[in-house]
2 protein chains.
Amino acid sequence: MEEYAVVGKRLPRVDGPVKATGGAVYAADISLPGMLFGKMLRSPYAHARILNIDYSQALKLPGVRAVCTGKDFPGIKYGFLPSTRDQLPMATDKVRHYGEAVAAISEDIAEEALDLIVVDYKELPVVLTATEAMREGAPLVHEEHGSNIAATTRLNFGDVEKGFRESDLVREESFTTERVSVGFIEPHAVVASVDASGNVTLQGSKQSPYITWRHFCRAMDLPLSKVKVINPYVGGGFSGKHEPFDLDFAATVLSRKTGLPVKIVLSQDEVISSFKQRHHKDVWIKVGMKKDGMLVACDCRLINEGGAYASVGPYNMVVFTLGLVMPYRISHLRYEAHRIYTNKPWCGAVRGQSVPVARYAFEALMHRMINELGLDQVETRRKNAIRQGDTTINGMKIDSCGLDEAIDKAAGMVNWEQHKRQRLPNRGVGFACTSMPSGTRMGGHYGCAAVVKIDEDGGVSLLHGGTEIGQGCDTVLAQMAAEVLGVSLDDVRVIPESTDTSVLEAGMYGSRCTFWSGNAVKAAAEDARRQLAEIASPLLKTDKEDLVFRGRKVFPRGREEKAVPLLDIVRQAYYSRGQPIYGRGSWAANDIDLPDMKTGSGNIAHGWGFFAQAVEVEVDPKTGQVKLLKSVCARDAGRPINPLTLDGQVEGGTVFTSGQALWEECQFDEKGIPLQSSFADYKMPTIRDAPLANLNHDIITNDPWGPFGAKGAGESSNSTTLAAIANAVQDATGMAVNELPVRPEKVLAALKKRERRP
Amino acid sequence: MEEYAVVGKRLPRVDGPVKATGGAVYAADISLPGMLFGKMLRSPYAHARILNIDYSQALKLPGVRAVCTGKDFPGIKYGFLPSTRDQLPMATDKVRHYGEAVAAISEDIAEEALDLIVVDYKELPVVLTATEAMREGAPLVHEEHGSNIAATTRLNFGDVEKGFRESDLVREESFTTERVSVGFIEPHAVVASVDASGNVTLQGSKQSPYITWRHFCRAMDLPLSKVKVINPYVGGGFSGKHEPFDLDFAATVLSRKTGLPVKIVLSQDEVISSFKQRHHKDVWIKVGMKKDGMLVACDCRLINEGGAYASVGPYNMVVFTLGLVMPYRISHLRYEAHRIYTNKPWCGAVRGQSVPVARYAFEALMHRMINELGLDQVETRRKNAIRQGDTTINGMKIDSCGLDEAIDKAAGMVNWEQHKRQRLPNRGVGFACTSMPSGTRMGGHYGCAAVVKIDEDGGVSLLHGGTEIGQGCDTVLAQMAAEVLGVSLDDVRVIPESTDTSVLEAGMYGSRCTFWSGNAVKAAAEDARRQLAEIASPLLKTDKEDLVFRGRKVFPRGREEKAVPLLDIVRQAYYSRGQPIYGRGSWAANDIDLPDMKTGSGNIAHGWGFFAQAVEVEVDPKTGQVKLLKSVCARDAGRPINPLTLDGQVEGGTVFTSGQALWEECQFDEKGIPLQSSFADYKMPTIRDAPLANLNHDIITNDPWGPFGAKGAGESSNSTTLAAIANAVQDATGMAVNELPVRPEKVLAALKKRERRP
């Protein structure tokens, strides 16, 4: 394996000092000359017809500059999937969930002015659960759709009935997971400026300026080149900040009306009560297993309750199957799923999409079946683990895989053998494994591009399409550029992201950044290096291919004593030739398939990453509270570019997901009005709730498609933690954890039931 | 000649609406979170040793956050030419002119705090004129330089003495032009932000962010990639905003010290009294002419009094010769020039450099000699005019030239024949011609680059290295991109300029933008078109070279009925191939010479533009005031890209330069203290002083090197107006205009003298 100088090193984040010292400017910090402040008027009903909006009194309030309602927009619906473009910038005819925006106002006393807008609503009956929504004659969320079933998926691989007949043990269970909020610390915020030529600039807190850009232009009927979306520092995304939201649209219209920049920053109340959430999921699952623990068949039904708009919901159902066909070998799968409209805030992608829930249902049932057969949790998983060279039943090819080794390593780190020999009271250990793709093709835009420019003093400027939302992509991508060009990480500066200057990017989702943007960055850096090599080659009397770039020098391979400083070559380009060193690179996996929503078949990704997690918990017999003692993760992320930032991803994913496992739940009253509206009544995990110990280990597999052999890992532990915690609680208490979150009262009831047992 | 769709059209400026509606954000408009305001402490002496600076009381003032002095900088001197890098960010040991910055302070009550800084000065004797400065034993401005002569140039072409012997008429005169301020409306302004990683962002009002960037990094000892210079809209440059100034350095150090952004906006007082000015010039010139008016030889001496720092002064002396060897054929030239240090604000480039003064001295003397020989002003000039194919005595090759035709055209537009036949009382007509290069190589950085990116919806984004300082380059360069790609000007959006994202640019000077950046933009657009053609070629079953891009369509040459929309091709790239359309282009005239400061020889530019101007004036016999009745300009700007913006350049140049001809003068008292400090006592021309009529005409010569045949014209009328006005006054009054400005009292004296004559 080639020895790298920068890649694979535990280097501190390039954006660390700025963020740690409070110097990072987030969207809400931005101030522009003459800037006004905006505020949204939101629906107090979960379902109501809008009869009239009278904002004449609001406009009379001294200082109020403009009001905007749904009528200010072209009336074009937008959304991720052509079949379910069901969302308007702001509600026009009716509201479909509590908190849907109906108007916005811009000025310094916006809150007072909002009170002066009179909206006449005709309250409509609400549908709040999938069961209600699917009932014949239920009120419709979207009349024009004719049904509350936004989309349905039915997939079939192999012969599941035959599989069950061939199994020695067949068990079925139902699992439920509740809605949770996305959980970023920085609420949605935007500063919109529309200039006299109609050019729009949005400075927002976005996970992907590109997805926002495309949806925004579609809904506003504007060409892309009239709109630029600039990302300042972003305080977390977790897939909750992909699209444009009502505030982006409203701020733009208010800016257009007033001729001044308009800032709108949502409150956490608005985010928690009225914005994007993770789907409520009802999963029925049936698994067949041989008596030696080998998996044979799986039958599964999913009801995806997703609120007022479809967003990526239909896609979310297909992604669920990734958590069923992998990471264990299985021969037969039948799957049916429905995405349901209700009068609740809409649900879309949240970190890991639906895989965490698929893994939870599958692993929790598997845990019990392994115990029922008297087998070992570790050995059974290892035997079932998918291997390099495998093709899954739906056609996905595994080019690199270290899962079996990872399972053993995780067992070792959590001291599984010792735990089995000598069980401590109220302690439990749970295992779960997952695989995640290193990005997929989604929709039309799937390519990535990057630019690497070498300044005349030898510094390197990197423009990539990834979005630094805290995951460390600026650091990892800069390391790749540094590696190719033989400079240090300090020499590389990442150019702030804007749709204005960046080249091509589909968006930041599905653990794709290291892999996709990484390949583009590598190509761009290699293009720049090629230009440098053309100048260095005659100087060093060496073929271009035999030149080594290392330590800010260029030399013929094996003859470092002949090295010339890289800067000399750069200067020759700029000063003798008047020629910039400007590398461009793009990457698009044209050989992989678009996810087929009908068949669920196809090799939809390269670079499948594999992760084995074990969690040790302690249950408090007095309170029923679950404490996370230890989390270990053995990971096959190919060849990690920066194990330090990877640790951050893995440990952060565990803490993030532990909230859904143990505490978080978005609740609503019978009219669809949310019961939680702040961090005081919505419990997100903090550092005090994190596992007391975190251990990580890398199984290095050097993926053939990944840049420097790396694979994505942003949704790794995030996809296993629900399952691992549930299994650890099952292990500690013997209770069947079929509903998340595992609230203390449920644990306490289970413990009491066990005590009563003879 | 090929028919163009966009190029050559009188299209309104792309930045017009934003500027006209007041929506353009200039540097002083910028506001950043927590931003502080800074203020400079300036020297009250023209020459003094700094004994001590005590800012302890200032620091005690509530609200004062930081103070900065010259000691906060690394002590590295910067400047345009390696031989005369004589400038520090702020004065340390001594001050060399009135208003030199000695300290800066940042907070909200900066002005009050400045009063609390106690600077102990030891006043030094001043030198204020070239004569004083060159005297033996004169006080030295830069002791380490050993002399007040910063640089000397001596050039010799042909045999000037022989030339005079062969001439029929030899005359000599001395001419003087006074210092003038650069004259932009927007004073210098900057917002500096230094982040916790030490990255510096400057948002300033700069003519060239690139020159600022390089000088700033040199003086601050920072790598280029740690610093980005962003240009907001700029309110005029005229070569007065190239370099970093004390405010840029001070704001940066204050931001570093406080951790907050710091804004410093200079007052017009500071700009007019203490900043960059045009050199005071004493010119002695001797010209030999045949009796038919043909020019033979010229001998010239220039004393360039330039204040405390050299800036581009040495280069300015060499540029002066461009105004002597052209635009008329001449066989012998001798030239000697000295750049003199004095204790006045430093002088550098101002629009047209030294050519306007060279043309003034030459044309004013020529006017008199033509009259003395009884010849015609127009015919004599036309006979002497340089022609296409000529090589000047110092080696400059003329590839395209329409000067002779331009002279005739100008004479026609100003009704010269009628004026000669029937002279009206107190009316005068003056002629002058000039040539200006379309940019030269200056220093190490001479290349230009551009990027043309095609968005997935067919919009075009253009990133170029030119700087829009009011001259219209965003419009002209966007037209070129539109032409190549067959789209309309509206489809092209210019990406705002920043050293961060732009590729390579030497800087905005010497009428180079249309020509140099234009060639780079054209190359980048052609690169993008090539990428599109590769996709379109198989679709249209046509060779790439035979494809026409026009009207947002692509079609085989001559078969427009087969056209496919450009958008289809773009979509195929993005959606079927995952491939960006991203064109890059650069241009560097490697075949031309660097200006040789020693010999003055060499073909230093392509694309010489030629201009013939005539001005008609009326002199008020009661007040001596000169009124500009008419200005006409016949111009050979190759094939103009946008005649409308070219009109703006030409008419603006006339008004701009008329100030130096008639009103403007920076005066000083005997201690070097300036007498003017505002527009109330410094008279710049306004629209009310502009010529009552302006006529323009294009001689289209289609330069072989220029993009679409265009040549630069930014300094065209600007280089002839001094001479044309002086000659018009000479024609009206008979007085010898040997000093500028032509103040009314001088005119009145001349008129009185003429009356007294029998």
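No experiment lies behind these values; they were computed from the predicted model shown. (Residues numbered from 1 in each chain as written. Chains lettered and ligands numbered in written order. Predicted model: local features only at pLDDT ≥ 70, side-chain atom pairs only at ≥ 80, totals over all residues. Heavy atoms only, no water.)

### Re the domain arrangement of chain A
Residue and element names in this part refer to chain A. Each assigned domain of chain A is listed here: domain 1 (31–124 + 187–274), domain 2 (277–441 + 594–756) and domain 3 (447–587). Placing a centre on the C-alpha atoms of domain 1 and another on those of domain 2 gives a separation of 35 Å. On the domain 2 side, the residues contacting the 24 residues of domain 1 number 28 residues. A combined buried area of about 2,300 Å² lies between domain 1 and domain 2, and 62% of that area is made up of carbon and sulfur atoms. Salt-bridge contacts for Glu123 lead to Lys671; the nearest nitrogen and oxygen are separated by 3.0 Å. Counting across the interface, domain 1 meets domain 2 through 9 residue pairs in polar contact (both at pLDDT 80 or more). (Domains from an automatic or database assignment. Contact = heavy atoms within 4.5 Å. Buried area = accessible area lost by both parts, 1.4 Å probe. Salt bridge = Lys/Arg side-chain N within 4 Å of Asp/Glu carboxyl O. Polar contact = N/O pair within 3.5 Å; in protein donor to acceptor, adjacent residues only side chain to side chain.)

### Let's talk about the pairing of strand β22 (residues 547–550) of chain A
Residue and element names in this part refer to chain A. Taken together, the 4 bridges between β22 and strand β23 (residues 553–556) define a ladder with antiparallel strand orientation. Looking at the pairing, Phe549 lines up with Val554 of β23. The turn linking β22 back onto β23 is made up of 2 residues, and Gly551 within it adopts a positive phi angle of 60°. (Pairing = 2+ DSSP bridges. Helix = DSSP H or I, 4+ residues; strand = E, 2+ residues; numbered from the N terminus.)

### Let's talk about helix α12 (residues 377–384) of chain A
Residue and element names in this part refer to chain A. The set of residues buried in α12 consists of Gln377, Val378, Thr380, Arg381 and Asn384. Where α12 is buried, its residues contact β16 (295–305), α11 (355–372), α13 (403–413), α14 (416–421), β18 (427–436) and α19 (716–733). Among the residues of α12, the N-terminal cap falls to Asp376, whose side-chain oxygen and the backbone nitrogen of Val378 are separated by 2.9 Å. (Buried < 20%, exposed > 50% of the residue type's maximum accessible area, 1.4 Å probe, protein only.)

### A closer look at unusual backbone geometry
Backbone geometry follows two general trends: most residues other than glycine have a negative phi, and most peptide bonds adopt the trans configuration. All names here are of chain A. Going from Leu740 to Pro741, the amide bond is cis rather than trans, its omega being 0°. Here Pro741 shows up in the loop between β29 (739–740) and α20 (744–756). Non-glycine residue Asn415 carries a positive phi angle of around 55°. For Asn426, which is not glycine, the phi torsion reads 65° and is therefore positive. Tracing the chain through its elements places Asn426 in the loop between α14 and β18. A relative accessible area of 23% places Asn426 in the partly exposed class.

### Here's the deal with the pairing of strand β19 (residues 448–454) of chain A
All names here are of chain A. Burial analysis of β19 places 7 of its 7 residues in the buried class, the great majority of the element. Taking every second residue as pointing to the same face, both faces of β19 are buried, with Cys448, Ala450, Val452 and Ile454 on one and Ala449, Val451 and Lys453 on the other. When β19 meets strand β20 (residues 460–464), the two strands line up antiparallel, connected through 5 bridges. Counterpart to Val452 in the pairing with β20 is Leu462. What sits between β19 and β20 in their antiparallel hairpin is a turn of 5 residues, with Gly458 showing a positive phi close to 90°.

### Brief notes about the interface of chain A and chain B
When the parts of a complex come together, some accessible area is lost, and that lost area is often taken as the interface size. With 57 residues of chain A in contact, the opposing surface of chain B contributes 59 residues. Summed over both sides, the interface of chain A with chain B buries roughly 4,300 Å², with 52% coming from carbon and sulfur. Interface area lost by chain A to chain B is led by Ser225, Tyr582 and Arg584 of chain A, which between them contribute 15%. The tally of links from chain A across to chain B stands at 6 salt bridges. Between Arg214 of chain B and Glu456 of chain A there is a salt bridge, with the nearest N and O atoms lying 2.3 Å from each other. Taken together, the connections running from chain A to chain B amount to 25 residue pairs in polar contact (both at pLDDT 80 or more). Elements represented by at least two residues in the side of chain A that touches chain B include exactly α1 (16–20), α6 (209–220), β19, β20, α16 (513–540), α17 (566–576) and β25 (581–587) of chain A.

### Here's the deal with the relation of the copies chain A and chain B
With an RMSD of 0.0 Å, the operation that places chain A on chain B is a rotation of 180° combined with a shift of 0.0 Å along the axis. In symmetry terms, the pair is related by a two-fold rotation axis. No C-alpha of chain A approaches the rotation axis more nearly than that of Ser31 of chain A, which lies at 3.1 Å. Interface overlap between copies is the fraction of interface residues in one copy that are interface residues in the other; for chain A against chain B it reaches 100%, indicating a shared surface. (Least-squares fit on C-alpha atoms with pLDDT ≥ 70 in both.)

### Focus: the sheet that holds strand β4 (residues 94–95) of chain A
All names here are of chain A. Reading across the sheet, the 3 strands line up as β4-β2-β6 and stay open at both edges, with antiparallel pairing between neighbours. Because the sheet does not close on itself, it has two edges, and the strands there are β4 and β6 (118–123). Sheet analysis places strand β2 (residues 48–54) next to β6, joined by 6 bridges and oriented antiparallel. Its bridge partner lying in β6, Ile50 is registered against Tyr121.

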